[in-house]
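# Fold and contact review
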Amino acid sequence: MLEFTGGARARVPRLAVVVPCHNEEPTLPRALATLRSLLEQLAAEWLIAGDSYVVCVDDGSRDRTWPIVMAEARQSPRVRGIKLTRNFGQQGAMLAGLLESDADAYVTIDADLQDDETRIREMIVKYREGYDVVYGVRGSRERDSWLKRNTAIGFYRFVNLIGARIVYNHADFRLMSRGAVDRLREFPESNLFLRGLVPMVGLPSTTVTYDRRAREAGETKYGPLRLFGLAWEAVTSLSVMPLRLVSVIGALVAIASLVTAAWALGVRLFDPQYLPGWASTVLPIYFLGGLQILCMGIIGEYVGKIYLETKKRPRYLVGEQAAEPVPSAQVVPLNERRRSDRRQGDRRRGAQVA
Ligand code: UDP
Ligand code: MG
């Protein structure tokens, strides 16, 4: 974490709370009610501006998540919605919310409100003190299963070991200033792992500790396989250490085979009882074969990442937006909005010519 050098911020910030939502029909109404009243409270205390809002990013839900967001957005200027064209994953959804919203400070939080939303107040206070990034850090993992707790601890240890900088026990509950989000924009990578990228932004940061609650409704979208995938994504997008490990393994095996070759030669030359060995031939073949495939797999993983990066595919695509300030219709398909913007622009240009 950088030494804090910034000055206090006097201006009351406009806050955007970014909520990635994938099939969150069971949790969303309650979460929105809670967040809305929290924003109202914070605005009443002059901690945030009156035009602060929650932005729900619908990440390709197949349930009624988007209709719920639209209905809320129609009712209240405090709720807005961005609908992605398909499922881009939580990281893409969060990035869409951050890059497509206009605010002075941004908080990302899960739709199930497992992270303690009341800590947003503390985050804002830290922001007003001058910090650009405030990480929400879990105090205890008592509610997690033994397996999840220990694999999580192992993950953070391993990631630190391979030299990536991620904040211990921090998931994606964090506040970022506009400056931090603008700098995040400069990172063009498609292999997204925001927890690893945000520390690379390098602005003054601090932490706020909280206890994570159990999910009240709906189901977790991260089963063991997907969690493992996320961890692997984190490791391979933050560090090339596994590639170096491949070289180290290669060197060790080369040394070991030299020693074995010397031993085999010794036996062949000096042992009168010498019998052609089956085990000593076959076992190294299996062992080396396995090792080679493993190493190729690790290298292949990086080649795959390079492949994805060179394609420069969009990290998210916005389909519709729902926001109170949009005149006439609440929801306007993006391409139509662009067209009407263009028409208005033409009209304006026409007016200037006339
Ligand atoms: N999420 C998403 N896209 C996905 C998977 C999840 O936007 O493909 C959202 C989800 O709606 C929730 C957050 O990411 O708001 C965290 O998901 P979840 O609560 O299932 O994860 P857990 O808390 O179990 O790690
Ligand atoms: Mg959750």
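This one's a predicted model, so the numbers in the text were calculated from it and none came from an experiment. (Residues numbered from 1 in each chain as written. Chains lettered and ligands numbered in written order. Predicted model: local features only at pLDDT ≥ 70, side-chain atom pairs only at ≥ 80, totals over all residues. Heavy atoms only, no water.)

## A short note on the overall build of the protein
Along the protein, the regular secondary structure elements total eleven helices and nine strands. Considering the protein as a whole, with its 354 residues, one finds that 44% of them fall into the buried category. Of the contacts formed within the protein by residues at least 6 apart in sequence, a portion of 82% connects residues at least 24 apart. Summed over its atoms, the accessible surface of the protein is roughly 19200 Å², and 59% of this surface lies on carbon and sulfur atoms. (Helix = DSSP H or I, 4+ residues; strand = E, 2+ residues; numbered from the N terminus. Buried < 20%, exposed > 50% of the residue type's maximum accessible area, 1.4 Å probe, protein only. Contact = heavy atoms within 4.5 Å. Areas by Shrake-Rupley, 256 points an atom, 1.4 Å probe, with all protein chains shown as cover.)

## Comments concerning the environment of Glu-45
Residue position: Glu-45 is located in the loop between α1 (28-44) and β2 (53-58). On the basis of relative accessible area, Glu-45 is assigned to the partly exposed category, the value being 40%. There is a polar contact of 2.7 Å between the side chain of Glu-45 and the side chain of Arg-121. (Polar contact = N/O pair within 3.5 Å; in protein donor to acceptor, adjacent residues only side chain to side chain.)

## As for the pattern of salt bridges
In this structure the tally under the stated criterion is 24 salt bridges. A salt bridge links Glu-72 to Arg-36, with the shortest nitrogen-to-oxygen separation between them at 2.5 Å. Here the residue Glu-72 occupies a position in helix α2 (residues 65-75), and Arg-36 occupies one in helix α1, the gap between them amounting to 36 residues. Among the residues examined, Glu-72 registers a relative accessible area of 14% and is labelled buried. Residues participating in the shared-partner salt-bridge network are Arg-11, Arg-14, Asp-51, Asp-102, Asp-104 and Arg-178. (Salt bridge = Lys/Arg side-chain N within 4 Å of Asp/Glu carboxyl O.)

## Re the confidence of the model for the protein
Scored by pLDDT, the protein comes out at a mean of 85, with 89% of its residues at no less than 70. Contacts of residues 326-354 to residues separated by more than four positions or lying in other chains number 21 contacts, the stretch itself having pLDDT below 50. (pLDDT = per-residue confidence, 0-100.)

## Some remarks on the nonpolar core
Core analysis: the largest hydrophobic core is formed by 38 residues, its most contacted members being Leu-15, Val-17, Val-19, Leu-28, Val-54, Ile-120 and Leu-175. Those elements giving two or more residues to this core turn out to be β1 (15-21), α1, β2, α2, β4 (105-108), α4 (120-129), β6 (170-177) and β7 (205-210). The element contributing the most residues to this core is α1, with eight residues. The contact partners of Val-19, leaving out residues within four places of it in the chain, are Leu-35, Val-54, Val-55, Cys-56, Val-57, Ile-109, Asp-110 and Ala-111. Counting residues in each nonpolar core, the second largest holds 33 residues, with Phe-88, Tyr-135, Leu-192 and Leu-203 among its members. (Core = buried A, V, L, I, M, F, W, Y, C linked by side-chain atoms within 4.5 Å.)

## Let's talk about the packing of aromatic side chains
Scanning all chains against the criterion turns up three aromatic pairs. Ring geometry for Phe-155 versus Tyr-156: centroids 5.4 Å apart, planes at 65 degrees, classification edge-to-face. Accessibility expressed as a relative area gives 16% for Phe-155, which makes it buried. For Tyr-156, a relative accessible area of 4% puts it in the buried group. With centroids separated by 5.3 Å and ring planes inclined at 65 degrees, the aromatic side chains of Tyr-156 and Tyr-168 adopt a geometry described as edge-to-face. (Phe/Tyr/Trp six-rings, centres within 6.5 Å; stacked < 30°, edge-to-face > 60°.)

## Re unusual backbone geometry
Look at Asn-23: it is not a glycine, yet its phi comes out positive at around 50 degrees. Relative to the helices and strands, Asn-23 is located in the loop between β1 and α1. Of note in this structure, Trp-46 is not a glycine but carries a positive phi near 60 degrees. Tracing the chain through its elements places Trp-46 in the loop between α1 and β2.

## Looking at the site of ligand 1
In the vicinity of ligand 1, 19 residues are found, and the nearest of them are Glu-24, Asp-59, Asp-112, Thr-220 and Lys-221. The separation between an oxygen atom of ligand 1 and a polar main-chain atom of Ala-111 is 2.9 Å. A distance of 2.4 Å is found between an oxygen atom of ligand 1 and a side-chain nitrogen or oxygen belonging to Thr-220. Its residues assigned to classes, the shell around ligand 1 shows four nonpolar, six polar and nine charged. (Near = heavy atom within 4 Å. Nonpolar A, V, L, I, M, F, W, Y, C, P; charged D, E, K, R; others polar.)

## A short note on the packing of helix α5 (residues 146-161) against helix α8 (residues 224-238)
For any two helices packed against each other, one specifies the inter-axial angle together with the distance between the axes. With their axes 11 Å apart at the nearest point, α5 and α8 run at an angle of 10 degrees to one another. When the axes of α5 and α8 are compared, the pair comes out roughly parallel. Facing α5, whose interface residues are Lys-148, Phe-155, Phe-158 and Val-159, α8 presents Leu-227, Ala-231, Ala-234 and Val-235. Of the residues assigned to the contact of α5 with α8, the class counts are seven nonpolar, no polar and one charged. (Axes fitted to C-alpha atoms, helices over the stretch in contact; angles between N-to-C directions. Parallel < 35°, antiparallel > 145°, perpendicular 65-115°, else oblique.)

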